[in-house]
Amino acid sequence: MALKAGIVGLPNVGKSTLFNCLSSAKAQAANFPFCTIDAQMGQVSVPDERLNRLAEIVHPGRIVPAVCDIVDIAGLVKGASKGEGLGNQFLANIRECDAIIHVLRCFEDPNIVHVDGSVDPVRDKEIIDAELQIKDLDTVENRIKKVEKQAKVGGDKLAKVELDVLLRYKEVLEKGLSARTVTFESEEEQEAARGLFLLTTKPVLYVCNVDDSSASSGNAYTQAVAEAIQGEEAEMLIISAQTEADIAELETYEEKQMFLEDMGLEESGCNRLIKAIYHLLTLQTFITAGEMEVKAWTFRKGWKAPQCAGVIHTDFEKGFIRAEVIKYEDYIHYGSEAAVREAGKMGVEGKEYEVQDGDIMHFRFNV
């Protein structure tokens, strides 16, 4: 399944530097507002050490990790919801993304200008939140005008459900809250909510971009952000984009690990970021392992075997018969598929089996 995350933030907060580290792309990163104009697209592999360990056993022709598309979106400014700066383009690019990576400047540097003249990540966050909320409120109010008559006069049941959803969204948006703070119980309400494609329903990962000295511990700015997002249904990560850029310049794995150790970090910020996005979107991976390839496949937590089979090919889901499942730990412990079978540790599962993260799957189907 395709996954796209958009990097957003005010101008000059480190978006393009982070994007370049994640995707090995070369988006322009310069010390002036709107140096990014057109959205830049890159692709990053999802880090998963399990693939390497399985490859040591299987010796496949290739290893294929799961991937995530990352979009570097032009910086947003106050008034974007009304078209200021590159507002309309910015908002259209966000609408196409599954998740938002909201980069906040949490470092001092007199050589890097701030579009509002001073460093205040909570203020910056509120600027972008407000612009997205204003745009959503405009969308909701326009939609209310279209469905209100159908719901109240025409007796359209689905229109009534949609109107109820719209009115709940309108209430929270007018309070300066994001639409994702609203939850719906019924399937009809959830379906109506999804159909609105509101910007502030998208899950958000706030990335606090700090200086090198704060990469492992954070600072007063990151503490302020953590307090500001409490109860917001969002996640936060501390990263030094400049540190990540320095790591990206190193050639060998050993050099990168030594650099991380010197910084007091166990894992690169880029790896932690991609894992955080997966967690935010409740995504997991199952694995197929054979002589041709060891490959990770992305699925949503809670999916059953036929749905996961459909990730590989729609025919697998249509003609699903059963799934042969090996737990990753068992594969590593016994050392081969044959040994797992011999030990009776291979599961044969039907349509109701809920696939687990790291399951090694083989699907039987007939079309």
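Scroll up for the structure.
## What to know about the overall build of the protein
Then step 1. Regarding its fold elements, the protein presents 14 helices and 12 strands.
Then step 2. Taking all 367 residues of the protein together, 49% fall into the buried category.
Then step 3. In the protein, 70% of the contacts between residues at least 6 apart in sequence involve partners at least 24 apart.
Then step 4. Total accessible area computed for the protein in this model is approximately 18,300 Å², and 48% of it derives from carbon and sulfur atoms.

## As for the environment of Ala192
Then step 1. In this fold, Ala192 is placed in helix α6 (residues 187-194).
Then step 2. Ignoring any residue separated from it by four or fewer positions in sequence, one finds Ala192 in contact with Val161, Glu162 and Val165.

## Looking at the packing of aromatic side chains
Then step 1. Per the stated rule, a full pass over the model turns up six aromatic pairs.
Then step 2. Summarising the aromatic geometry, the rings of Phe286 and Trp297 are spaced 6.4 Å apart at their centres and angled 15° between planes, so their arrangement reads as stacked. Pair noted here: Phe286 is in strand β8 (residues 283-289) and Trp297 is in strand β9 (residues 293-300), with a separation of 11 residues, a long-range link.
Then step 3. Classification of Phe286 as buried rests on a relative accessible area of 0%.
Then step 4. On the numbers, 6.0 Å between centres and 45° between planes, the contact of Phe286 with Phe299 is tilted. On the criterion of sequence distance, the pair formed by Phe286 in strand β8 and Phe299 in strand β9 is long-range, its members being 13 residues apart.
Then step 5. In textbook terms, an aromatic cluster arises when at least three aromatic residues are bridged by ring pairs, as seen for Phe286, Trp297, Phe299, Phe320 and Phe363.
Then step 6. Directly above the ring of Phe107 sits Arg105, whose terminal nitrogen or CZ lies 4.6 Å from the centroid.

## Focus: the nonpolar core
Then step 1. With 64 residues, the main nonpolar core has Ile70, Ile101, Leu273 and Ile277 as its most contacted residues.
Then step 2. If one sorts the elements of this core by residue count, helix α10 (residues 269-280) sits on top with seven residues.
Then step 3. Those residues in contact with Ile70 that lie beyond four places of it in its chain are Ala5, Ile7, Phe19, Leu22, Gln40, Met41, Gly42, Val44, Ile101 and Ile274.
Then step 4. Val172, Leu173, Val182 and Phe184 belong to the second-largest nonpolar core, a separate cluster that totals 20 residues.

## Overview of α10
Then step 1. Look at α10: 16 Å from first C-alpha to last across 12 residues, which is about the 16 Å you get at 1.5 Å a residue.
Then step 2. Looking one or two residues beyond α10, the residue adopting positive phi is Thr282, at roughly 50°.

## A word on the sheet that holds strand β7 (residues 235-239)
Then step 1. If you walk across this open sheet you meet the six strands as β2-β4-β1-β5-β6-β7, and the pairing is mixed. In the strand order of this sheet, the two ends are held by β2 (40-45) and β7, each with one partner. Neighbour-to-neighbour, the strand axes of the sheet open up by a mean angle of 25°, direction not taken into account.
Then step 2. Bridge count between strand β1 (residues 4-8) and strand β4 (residues 67-72): four bridges; the pairing is parallel. Within the sheet, the bridge partner assigned to Lys4 lies in β4 and is Asp69.

## Here's the deal with the pattern of salt bridges
Then step 1. Throughout the structure, instances matching the rule amount to 19 salt bridges.
Then step 2. In this structure, the salt-bridge partner of Glu187 is Arg194, at a minimum N-O distance of 3.5 Å.
Then step 3. We classify Glu187 as exposed; its relative accessible area is 51%.
Then step 4. Its salt-bridge partner being Arg341, residue Glu337 comes within 3.2 Å of it at the nearest N-O pair. Here Glu337 and its partner Arg341 are both found in helix α14 (residues 337-342), four residues apart, which amounts to about one turn of the helix.
Then step 5. Judged by its relative accessible area of 31%, Glu337 is partly exposed.
Then step 6. Look at the salt bridges and you will find they share partners, linking Lys125, Asp129, Arg180 and Glu232 into a network.

## Examining unusual backbone geometry
Then step 1. Non-glycine residue Asn12 carries a positive phi angle of around 65°.
Then step 2. Looking at the secondary structure, you find Asn12 in the loop between β1 and α1 (15-23).
Then step 3. By relative accessible area, which is 11% here, Asn12 ends up buried.

## What about helix α2 (residues 49-58)?
Then step 1. Regarding α2, the residues found buried are Arg50, Leu51, Leu54, Ala55 and Val58. The arc enclosing the buried residues of α2, seen along the axis, measures out at 135°, which places them on a common side. In α2, the exposed residues that point more than 90 degrees away from the buried face are Glu49 and Glu56.
Then step 2. The elements touched by buried residues of α2 are β3 (62-64), β8, β9, α13 (328-334) and β12 (360-365).
Then step 3. Of the residues flanking the end of α2, it is His59, one or two places downstream, whose phi is positive at about 55°.

The rules we used
- Residues numbered from 1 in each chain as written.
- Predicted model: local features only at pLDDT ≥ 70, side-chain atom pairs only at ≥ 80, totals over all residues.
- Heavy atoms only, no water.
- Helix = DSSP H or I, 4+ residues; strand = E, 2+ residues; numbered from the N terminus.
- Buried < 20%, exposed > 50% of the residue type's maximum accessible area, 1.4 Å probe, protein only.
- Contact = heavy atoms within 4.5 Å.
- Areas by Shrake-Rupley, 256 points an atom, 1.4 Å probe, with all protein chains shown as cover.
- Phe/Tyr/Trp six-rings, centres within 6.5 Å; stacked < 30°, edge-to-face > 60°.
- Lys NZ or Arg CZ within 6 Å of the ring centre and 35° of its normal.
- Core = buried A, V, L, I, M, F, W, Y, C linked by side-chain atoms within 4.5 Å.
- Expected span 1.5 Å × (residues − 1).
- Pairing = 2+ DSSP bridges.
- Axes fitted to C-alpha atoms, helices over the stretch in contact; angles between N-to-C directions.
- Salt bridge = Lys/Arg side-chain N within 4 Å of Asp/Glu carboxyl O.
- Arc of directions from axis to C-beta.

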